[in-house]
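Single-letter residue listing:
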Amino acid sequence: MQKKQIRKIVLFTHGIETLWFFSLQLGKALEGFGYEVFYFDQCYTYDSLSRLLAFCQPRVTAAVSFNFDGCKGEDYMVDADGINFFEAREIPFINIVVDHPFYYHKFLPFLPADYTQISIDREHQRYLERFFPDIRRGPFLPLAGTSLWTEKTLPGWEERTTEVVFTGNYTPPERFEKDITRIDDEYTAFYHGIIDDFIAHPHLDLTQGITKHLWEEVEDITEEGICEIMPNMIMIDLYVRNYFRGEVVRHLADAGIRVTCFGSGWEHLPCLHPENIVSGGMVNSEACLRELSRARISLNVMPWFKDGAHDRVFNSMLNGAVCFTDWSRYLQEELEDGKDVIFYELDQLDRLTERIHTLLADRQQWEMIRQHAYNTAKKHHTWAERARLLHEEILCNIK
(Lines give C-alpha, C1' and ligand atoms only; values in the text may rest on other atoms or scores of the structure.)
Protein backbone atom coordinates (compact mmCIF):
# COMPACT_ATOMS: atom_id res chain seq x y z
CA MET A 1 0.00 0.00 0.00
CA GLN A 2 1.25 3.46 -0.87
CA LYS A 3 2.43 5.50 2.12
CA LYS A 4 0.16 8.36 3.11
CA GLN A 5 1.58 11.86 2.84
CA ILE A 6 -0.68 14.21 4.75
CA ARG A 7 -0.84 17.65 3.18
CA LYS A 8 -4.45 18.67 3.90
CA ILE A 9 -5.95 19.35 7.33
CA VAL A 10 -9.57 19.64 8.48
CA LEU A 11 -10.24 21.82 11.55
CA PHE A 12 -13.54 22.80 13.20
CA THR A 13 -14.94 26.27 13.92
CA HIS A 14 -18.08 27.95 15.29
CA GLY A 15 -18.53 25.57 18.18
CA ILE A 16 -17.33 26.60 21.66
CA GLU A 17 -15.62 29.97 21.14
CA THR A 18 -12.36 29.08 22.89
CA LEU A 19 -11.93 25.87 20.89
CA TRP A 20 -12.75 27.73 17.69
CA PHE A 21 -10.01 30.25 18.54
CA PHE A 22 -7.53 27.43 19.16
CA SER A 23 -8.44 25.89 15.79
CA LEU A 24 -7.79 29.16 13.98
CA GLN A 25 -4.40 29.63 15.66
CA LEU A 26 -3.35 26.04 15.01
CA GLY A 27 -4.60 26.27 11.42
CA LYS A 28 -2.50 29.38 10.71
CA ALA A 29 0.53 27.64 12.16
CA LEU A 30 -0.03 24.48 10.10
CA GLU A 31 -0.34 26.57 6.96
CA GLY A 32 3.16 27.77 7.77
CA PHE A 33 4.30 24.15 7.42
CA GLY A 34 2.75 23.95 3.98
CA TYR A 35 -0.57 22.31 4.84
CA GLU A 36 -3.80 23.26 3.11
CA VAL A 37 -6.42 23.85 5.80
CA PHE A 38 -10.21 23.50 5.59
CA TYR A 39 -12.36 24.91 8.40
CA PHE A 40 -15.57 22.99 8.96
CA ASP A 41 -18.19 25.53 10.10
CA GLN A 42 -20.38 23.86 12.73
CA CYS A 43 -23.05 26.55 12.35
CA TYR A 44 -23.55 25.65 8.68
CA THR A 45 -23.08 21.93 8.82
CA TYR A 46 -24.68 20.75 5.59
CA ASP A 47 -23.04 23.42 3.44
CA SER A 48 -19.72 22.66 5.16
CA LEU A 49 -20.25 18.95 4.61
CA SER A 50 -20.63 19.37 0.85
CA ARG A 51 -17.42 21.40 0.73
CA LEU A 52 -15.71 18.88 3.01
CA LEU A 53 -16.55 16.10 0.54
CA ALA A 54 -14.76 18.02 -2.21
CA PHE A 55 -11.76 18.83 0.03
CA CYS A 56 -11.02 15.42 1.52
CA GLN A 57 -8.71 13.02 -0.26
CA PRO A 58 -7.78 9.66 1.24
CA ARG A 59 -4.08 9.34 2.14
CA VAL A 60 -3.42 13.08 1.98
CA THR A 61 -6.02 14.46 4.46
CA ALA A 62 -6.19 14.36 8.26
CA ALA A 63 -8.70 15.89 10.69
CA VAL A 64 -7.59 17.72 13.83
CA SER A 65 -10.23 18.45 16.44
CA PHE A 66 -10.52 19.92 19.92
CA ASN A 67 -12.79 18.15 22.44
CA PHE A 68 -14.34 15.62 20.05
CA ASP A 69 -15.83 18.05 17.52
CA GLY A 70 -16.55 15.94 14.45
CA CYS A 71 -16.46 12.58 16.28
CA LYS A 72 -19.08 12.73 19.02
CA GLY A 73 -21.90 11.17 17.06
CA GLU A 74 -23.16 14.28 15.25
CA ASP A 75 -25.92 13.15 12.89
CA TYR A 76 -24.37 14.95 9.93
CA MET A 77 -21.09 13.10 10.48
CA VAL A 78 -22.53 9.57 10.57
CA ASP A 79 -23.96 7.54 7.68
CA ALA A 80 -26.95 5.20 7.74
CA ASP A 81 -24.75 2.37 9.05
CA GLY A 82 -23.41 4.50 11.90
CA ILE A 83 -19.97 4.94 10.32
CA ASN A 84 -18.19 8.22 10.95
CA PHE A 85 -17.49 10.37 7.86
CA PHE A 86 -13.73 10.30 8.43
CA GLU A 87 -13.58 6.57 8.99
CA ALA A 88 -15.55 5.93 5.78
CA ARG A 89 -13.05 8.01 3.82
CA GLU A 90 -9.90 6.62 5.51
CA ILE A 91 -8.99 9.98 7.01
CA PRO A 92 -6.96 9.87 10.26
CA PHE A 93 -8.60 11.74 13.12
CA ILE A 94 -6.51 13.54 15.76
CA ASN A 95 -8.40 14.82 18.80
CA ILE A 96 -6.83 17.29 21.24
CA VAL A 97 -8.75 17.03 24.53
CA VAL A 98 -8.46 20.19 26.63
CA ASP A 99 -10.31 18.91 29.72
CA HIS A 100 -9.93 15.88 31.93
CA PRO A 101 -10.94 12.75 29.94
CA PHE A 102 -13.62 11.76 32.44
CA TYR A 103 -15.83 14.47 30.89
CA TYR A 104 -15.97 12.53 27.62
CA HIS A 105 -16.57 8.83 28.29
CA LYS A 106 -19.94 9.13 26.52
CA PHE A 107 -18.27 9.99 23.20
CA LEU A 108 -15.97 6.97 23.06
CA PRO A 109 -18.43 4.73 21.12
CA PHE A 110 -18.39 7.22 18.23
CA LEU A 111 -14.64 7.37 17.63
CA PRO A 112 -13.47 6.63 14.07
CA ALA A 113 -11.18 3.65 13.53
CA ASP A 114 -8.01 5.65 12.75
CA TYR A 115 -8.11 7.80 15.88
CA THR A 116 -5.41 9.42 18.03
CA GLN A 117 -6.08 11.28 21.27
CA ILE A 118 -3.78 14.04 22.48
CA SER A 119 -3.73 15.27 26.07
CA ILE A 120 -2.78 18.72 27.36
CA ASP A 121 -1.89 17.36 30.81
CA ARG A 122 0.29 14.35 31.52
CA GLU A 123 -2.16 13.19 34.17
CA HIS A 124 -4.74 12.91 31.39
CA GLN A 125 -2.33 10.73 29.44
CA ARG A 126 -1.92 8.45 32.44
CA TYR A 127 -5.70 8.26 32.85
CA LEU A 128 -6.10 7.09 29.25
CA GLU A 129 -3.30 4.56 29.62
CA ARG A 130 -4.88 3.18 32.78
CA PHE A 131 -8.56 3.02 31.83
CA PHE A 132 -8.56 3.07 28.01
CA PRO A 133 -5.30 1.44 26.89
CA ASP A 134 -6.76 0.60 23.46
CA ILE A 135 -7.06 4.27 22.54
CA ARG A 136 -4.00 5.40 20.60
CA ARG A 137 -2.28 8.25 22.44
CA GLY A 138 -0.32 10.99 20.75
CA PRO A 139 2.43 13.12 22.28
CA PHE A 140 1.73 15.34 25.28
CA LEU A 141 0.75 18.70 23.78
CA PRO A 142 0.07 21.49 26.30
CA LEU A 143 -2.00 24.46 25.28
CA ALA A 144 -0.14 27.42 23.76
CA GLY A 145 -0.35 31.20 23.80
CA THR A 146 -1.12 33.85 21.20
CA SER A 147 0.59 37.24 21.01
CA LEU A 148 -0.83 40.47 19.60
CA TRP A 149 2.64 42.05 19.65
CA THR A 150 6.25 41.86 18.60
CA GLU A 151 9.01 42.32 21.15
CA LYS A 152 9.41 45.95 20.04
CA THR A 153 5.70 46.88 20.10
CA LEU A 154 4.79 45.17 23.41
CA PRO A 155 3.01 47.81 25.58
CA GLY A 156 5.05 49.03 28.55
CA TRP A 157 4.30 49.96 32.15
CA GLU A 158 2.77 53.37 31.42
CA GLU A 159 0.41 51.98 28.78
CA ARG A 160 -1.04 49.42 31.21
CA THR A 161 -3.85 50.93 33.23
CA THR A 162 -5.08 47.70 34.85
CA GLU A 163 -3.03 46.46 37.77
CA VAL A 164 -4.39 42.90 38.10
CA VAL A 165 -6.59 41.08 35.59
CA PHE A 166 -8.30 37.70 35.64
CA THR A 167 -9.89 36.24 32.54
CA GLY A 168 -12.40 33.48 33.28
CA ASN A 169 -15.88 32.74 34.61
CA TYR A 170 -16.95 32.06 38.18
CA THR A 171 -19.72 29.78 39.42
CA PRO A 172 -20.47 29.72 43.18
CA PRO A 173 -19.58 26.21 44.41
CA GLU A 174 -22.91 25.84 46.20
CA ARG A 175 -24.60 25.60 42.81
CA PHE A 176 -23.11 22.12 42.47
CA GLU A 177 -24.69 20.98 45.75
CA LYS A 178 -27.80 19.64 44.00
CA ASP A 179 -25.61 17.07 42.25
CA ILE A 180 -23.64 16.27 45.38
CA THR A 181 -26.73 15.74 47.54
CA ARG A 182 -28.88 14.03 44.92
CA ILE A 183 -28.78 10.52 46.44
CA ASP A 184 -28.62 10.44 50.25
CA ASP A 185 -26.63 11.65 53.26
CA GLU A 186 -24.06 8.87 52.95
CA TYR A 187 -23.22 9.77 49.36
CA THR A 188 -23.21 13.47 50.23
CA ALA A 189 -20.66 12.86 52.99
CA PHE A 190 -18.57 10.75 50.60
CA TYR A 191 -18.47 13.47 47.94
CA HIS A 192 -17.72 16.21 50.45
CA GLY A 193 -14.94 14.09 51.91
CA ILE A 194 -13.23 14.07 48.49
CA ILE A 195 -13.79 17.82 48.07
CA ASP A 196 -12.35 18.53 51.53
CA ASP A 197 -9.31 16.41 50.67
CA PHE A 198 -8.62 18.46 47.53
CA ILE A 199 -9.03 21.72 49.44
CA ALA A 200 -6.62 20.54 52.13
CA HIS A 201 -4.14 19.07 49.62
CA PRO A 202 -4.23 21.22 46.46
CA HIS A 203 -1.33 19.35 44.83
CA LEU A 204 -3.45 16.20 44.46
CA ASP A 205 -4.35 15.49 40.86
CA LEU A 206 -7.95 14.57 40.07
CA THR A 207 -7.47 10.90 39.32
CA GLN A 208 -5.23 10.32 42.32
CA GLY A 209 -7.52 12.12 44.76
CA ILE A 210 -10.75 10.53 43.59
CA THR A 211 -9.49 6.96 43.19
CA LYS A 212 -7.89 7.05 46.65
CA HIS A 213 -11.31 7.60 48.22
CA LEU A 214 -12.99 5.03 45.99
CA TRP A 215 -10.51 2.31 46.95
CA GLU A 216 -10.73 3.16 50.65
CA GLU A 217 -14.46 3.78 51.03
CA VAL A 218 -16.41 1.83 48.38
CA GLU A 219 -16.85 -1.82 49.23
CA ASP A 220 -15.77 -4.37 46.61
CA ILE A 221 -14.74 -1.66 44.13
CA THR A 222 -12.82 -2.84 41.08
CA GLU A 223 -10.70 -1.06 38.48
CA GLU A 224 -13.56 -1.45 36.00
CA GLY A 225 -15.96 -0.04 38.56
CA ILE A 226 -13.74 2.99 39.10
CA CYS A 227 -13.71 3.64 35.37
CA GLU A 228 -17.53 3.54 35.27
CA ILE A 229 -17.85 5.83 38.29
CA MET A 230 -15.37 8.51 37.22
CA PRO A 231 -17.81 10.51 35.01
CA ASN A 232 -20.05 10.86 38.09
CA MET A 233 -17.23 12.86 39.72
CA ILE A 234 -17.31 15.77 37.27
CA MET A 235 -19.10 18.01 39.79
CA ILE A 236 -16.17 17.54 42.19
CA ASP A 237 -13.80 19.03 39.62
CA LEU A 238 -16.19 21.92 38.96
CA TYR A 239 -16.75 22.53 42.67
CA VAL A 240 -13.07 22.56 43.61
CA ARG A 241 -11.81 24.66 40.68
CA ASN A 242 -14.51 27.31 41.30
CA TYR A 243 -13.91 27.22 45.03
CA PHE A 244 -10.24 28.09 44.60
CA ARG A 245 -10.89 30.56 41.77
CA GLY A 246 -13.20 32.44 44.13
CA GLU A 247 -10.88 32.14 47.10
CA VAL A 248 -7.93 33.62 45.23
CA VAL A 249 -9.87 36.62 43.88
CA ARG A 250 -11.66 37.18 47.20
CA HIS A 251 -8.39 37.08 49.12
CA LEU A 252 -6.81 39.71 46.89
CA ALA A 253 -9.88 41.95 46.95
CA ASP A 254 -10.13 41.83 50.73
CA ALA A 255 -6.41 42.68 50.95
CA GLY A 256 -7.04 45.90 49.03
CA ILE A 257 -5.90 44.74 45.58
CA ARG A 258 -8.24 45.66 42.73
CA VAL A 259 -8.84 42.72 40.42
CA THR A 260 -10.52 43.29 37.06
CA CYS A 261 -12.39 40.11 36.10
CA PHE A 262 -13.47 39.38 32.54
CA GLY A 263 -16.08 36.65 32.56
CA SER A 264 -19.46 35.87 34.06
CA GLY A 265 -20.54 35.27 37.63
CA TRP A 266 -18.18 37.49 39.61
CA GLU A 267 -21.04 39.50 41.09
CA HIS A 268 -21.92 36.34 43.04
CA LEU A 269 -18.56 36.09 44.86
CA PRO A 270 -19.03 37.01 48.54
CA CYS A 271 -16.26 39.18 49.98
CA LEU A 272 -15.72 42.02 52.43
CA HIS A 273 -14.64 44.49 49.76
CA PRO A 274 -16.63 43.85 46.57
CA GLU A 275 -15.61 47.31 45.35
CA ASN A 276 -12.17 45.80 44.63
CA ILE A 277 -13.64 43.34 42.12
CA VAL A 278 -14.17 45.20 38.86
CA SER A 279 -16.41 43.42 36.37
CA GLY A 280 -15.19 43.67 32.79
CA GLY A 281 -18.08 41.59 31.47
CA MET A 282 -18.01 38.74 28.98
CA VAL A 283 -15.38 38.94 26.24
CA ASN A 284 -14.11 36.57 23.57
CA SER A 285 -10.61 35.10 23.29
CA GLU A 286 -9.14 37.92 21.22
CA ALA A 287 -10.56 40.54 23.58
CA CYS A 288 -8.96 38.65 26.49
CA LEU A 289 -5.58 39.11 24.78
CA ARG A 290 -6.22 42.84 24.48
CA GLU A 291 -7.09 43.04 28.17
CA LEU A 292 -3.90 41.16 29.07
CA SER A 293 -2.05 43.77 27.01
CA ARG A 294 -3.51 46.51 29.24
CA ALA A 295 -2.61 44.77 32.52
CA ARG A 296 0.57 44.74 34.59
CA ILE A 297 -0.28 41.46 36.32
CA SER A 298 -2.35 38.52 35.05
CA LEU A 299 -3.76 36.16 37.64
CA ASN A 300 -4.07 32.48 36.73
CA VAL A 301 -5.83 29.79 38.75
CA MET A 302 -5.27 26.46 37.08
CA PRO A 303 -8.40 24.41 36.24
CA TRP A 304 -6.90 21.55 38.25
CA PHE A 305 -4.23 20.72 35.66
CA LYS A 306 -1.50 19.45 37.97
CA ASP A 307 0.82 18.20 35.23
CA GLY A 308 0.03 20.52 32.34
CA ALA A 309 -0.63 24.15 31.52
CA HIS A 310 -3.44 26.57 30.74
CA ASP A 311 -3.29 28.97 27.82
CA ARG A 312 -3.82 31.88 30.26
CA VAL A 313 -0.22 31.45 31.39
CA PHE A 314 1.32 31.65 27.93
CA ASN A 315 -1.13 34.30 26.71
CA SER A 316 -0.08 36.46 29.65
CA MET A 317 3.61 35.98 28.92
CA LEU A 318 3.18 36.73 25.21
CA ASN A 319 1.17 39.90 25.82
CA GLY A 320 3.37 41.42 28.49
CA ALA A 321 1.40 40.86 31.70
CA VAL A 322 3.45 39.23 34.45
CA CYS A 323 1.64 36.00 35.28
CA PHE A 324 1.00 34.84 38.84
CA THR A 325 0.01 31.18 38.64
CA ASP A 326 -0.49 28.29 40.99
CA TRP A 327 1.74 25.26 40.70
CA SER A 328 1.85 22.38 38.23
CA ARG A 329 4.65 19.89 37.64
CA TYR A 330 4.90 20.83 33.98
CA LEU A 331 4.98 24.57 34.58
CA GLN A 332 7.62 24.13 37.26
CA GLU A 333 9.77 22.23 34.75
CA GLU A 334 9.29 24.77 31.95
CA LEU A 335 9.25 28.14 33.72
CA GLU A 336 11.46 29.78 36.32
CA ASP A 337 9.89 31.44 39.32
CA GLY A 338 10.68 35.15 39.40
CA LYS A 339 11.94 35.20 35.81
CA ASP A 340 9.16 33.77 33.61
CA VAL A 341 6.23 33.76 36.04
CA ILE A 342 5.64 34.05 39.75
CA PHE A 343 4.36 30.87 41.37
CA TYR A 344 2.06 30.83 44.37
CA GLU A 345 0.44 28.07 46.43
CA LEU A 346 -3.32 27.76 46.77
CA ASP A 347 -2.94 27.13 50.52
CA GLN A 348 -0.64 30.17 51.02
CA LEU A 349 -2.69 33.07 49.67
CA ASP A 350 -1.22 35.60 52.12
CA ARG A 351 2.09 35.04 50.37
CA LEU A 352 0.42 35.67 47.00
CA THR A 353 -0.89 39.03 48.21
CA GLU A 354 2.53 39.98 49.52
CA ARG A 355 4.29 39.15 46.24
CA ILE A 356 1.77 41.11 44.17
CA HIS A 357 2.22 44.19 46.36
CA THR A 358 5.99 43.81 46.07
CA LEU A 359 5.99 43.53 42.28
CA LEU A 360 3.62 46.45 41.75
CA ALA A 361 6.06 48.57 43.77
CA ASP A 362 9.10 47.47 41.75
CA ARG A 363 8.85 48.55 38.14
CA GLN A 364 12.38 47.41 37.33
CA GLN A 365 11.66 43.85 38.48
CA TRP A 366 8.36 43.88 36.57
CA GLU A 367 10.17 44.96 33.39
CA MET A 368 12.75 42.20 33.79
CA ILE A 369 10.14 39.47 34.25
CA ARG A 370 7.96 40.77 31.44
CA GLN A 371 10.84 40.71 28.95
CA HIS A 372 12.20 37.32 30.01
CA ALA A 373 8.70 35.80 29.98
CA TYR A 374 7.94 37.08 26.50
CA ASN A 375 11.17 35.62 25.11
CA THR A 376 10.61 32.25 26.79
CA ALA A 377 7.04 31.91 25.56
CA LYS A 378 7.88 33.15 22.06
CA LYS A 379 10.54 30.47 21.77
CA HIS A 380 8.72 27.51 23.33
CA HIS A 381 4.99 28.07 23.87
CA THR A 382 3.29 29.41 20.75
CA TRP A 383 0.84 27.60 18.48
CA ALA A 384 3.61 27.49 15.90
CA GLU A 385 5.64 25.34 18.29
CA ARG A 386 2.66 23.08 18.95
CA ALA A 387 2.05 22.78 15.20
CA ARG A 388 5.70 21.81 14.71
CA LEU A 389 5.33 19.00 17.26
CA LEU A 390 2.10 17.85 15.62
CA HIS A 391 3.79 17.95 12.22
CA GLU A 392 6.95 16.12 13.23
CA GLU A 393 5.56 13.52 15.63
CA ILE A 394 2.19 12.64 14.10
CA LEU A 395 1.39 14.04 10.66
CA CYS A 396 4.74 13.07 9.12
CA ASN A 397 4.48 9.56 10.57
CA ILE A 398 0.97 8.53 9.58
CA LYS A 399 1.18 5.13 7.87
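Look up: the structure comes first, before these words.
Values in this document were obtained by computation on a predicted structure and should not be read as measured data. (Residues numbered from 1 in each chain as written. Predicted model: local features only at pLDDT ≥ 70, side-chain atom pairs only at ≥ 80, totals over all residues. Heavy atoms only, no water.)

### Considerations on the pairing of strand β2 (residues 36–41)
Rule in force here: Whether two strands pair depends on DSSP finding at least two bridges between them. Numbering goes from the N terminus for both helices and strands, where a helix is a DSSP run of H or I of at least four residues and a strand is a run of E of at least two.
Two elements, strand β1 (residues 8–13) and β2, share six bridges in a ladder whose sense is parallel. Within the sheet, the bridge partner assigned to Phe-12 lies in β2 and is Phe-40.

### Points about the environment of Thr-61
What counts is decided by this rule: Between two residues, a contact is recorded if the distance between any of their heavy atoms is within 4.5 Å. Polar contact is defined as a pair of N or O atoms within 3.5 Å, subject to the rule that within protein one atom must be able to donate a hydrogen and the other to accept it, and that residues adjacent in sequence are counted only when both atoms are side-chain atoms.
Inspection of the secondary structure assignment puts Thr-61 in strand β3 (residues 61–66). For the pair Thr-61 and Ala-384, spaced 323 residues apart in sequence, the C-alpha to C-alpha distance is 20 Å. Not counting residues within four places of it along the chain, the set of residues in contact with Thr-61 comprises Ile-6, Lys-8, Val-10, Phe-55, Cys-56, Ile-91 and Pro-92. A polar contact of 2.9 Å, which involves the side chain of Thr-61, links it to the backbone nitrogen of Gln-57.

### Thoughts on the sheet that holds strand β9 (residues 295–300)
Short version of the rule: Lines fitted to the C-alpha atoms define the axes, with helices restricted to the stretch that makes contact. Angles between their N-to-C directions range from 0 to 180 degrees.
Taken together, the six strands give an open sheet; going across it, the order is β8-β7-β6-β9-β10-β11, and neighbouring strands pair in parallel fashion. Strands with a single pairing partner mark the edges of an open sheet, and in this sheet they are β8 (277–281) and β11 (342–344). Neighbour to neighbour, the strand axes of the sheet diverge by 25 degrees on average, direction disregarded. Where strand β10 (residues 322–326) lies against β11, three bridges are found, and the strand directions are parallel. In the strand pairing of β11, Asp-326 is matched with Tyr-344.

### A short note on the state of the cysteines
Linking two cysteines covalently through their sulfur atoms gives a disulfide. Threshold: Note that a disulfide, as used here, is simply two cysteine sulfur atoms within 2.5 Å.
For the structure shown, the criterion picks out zero disulfides. Considering cysteine sulfurs only, Cys-56 is the nearest to Cys-71, which forms no disulfide, with 14 Å between them.

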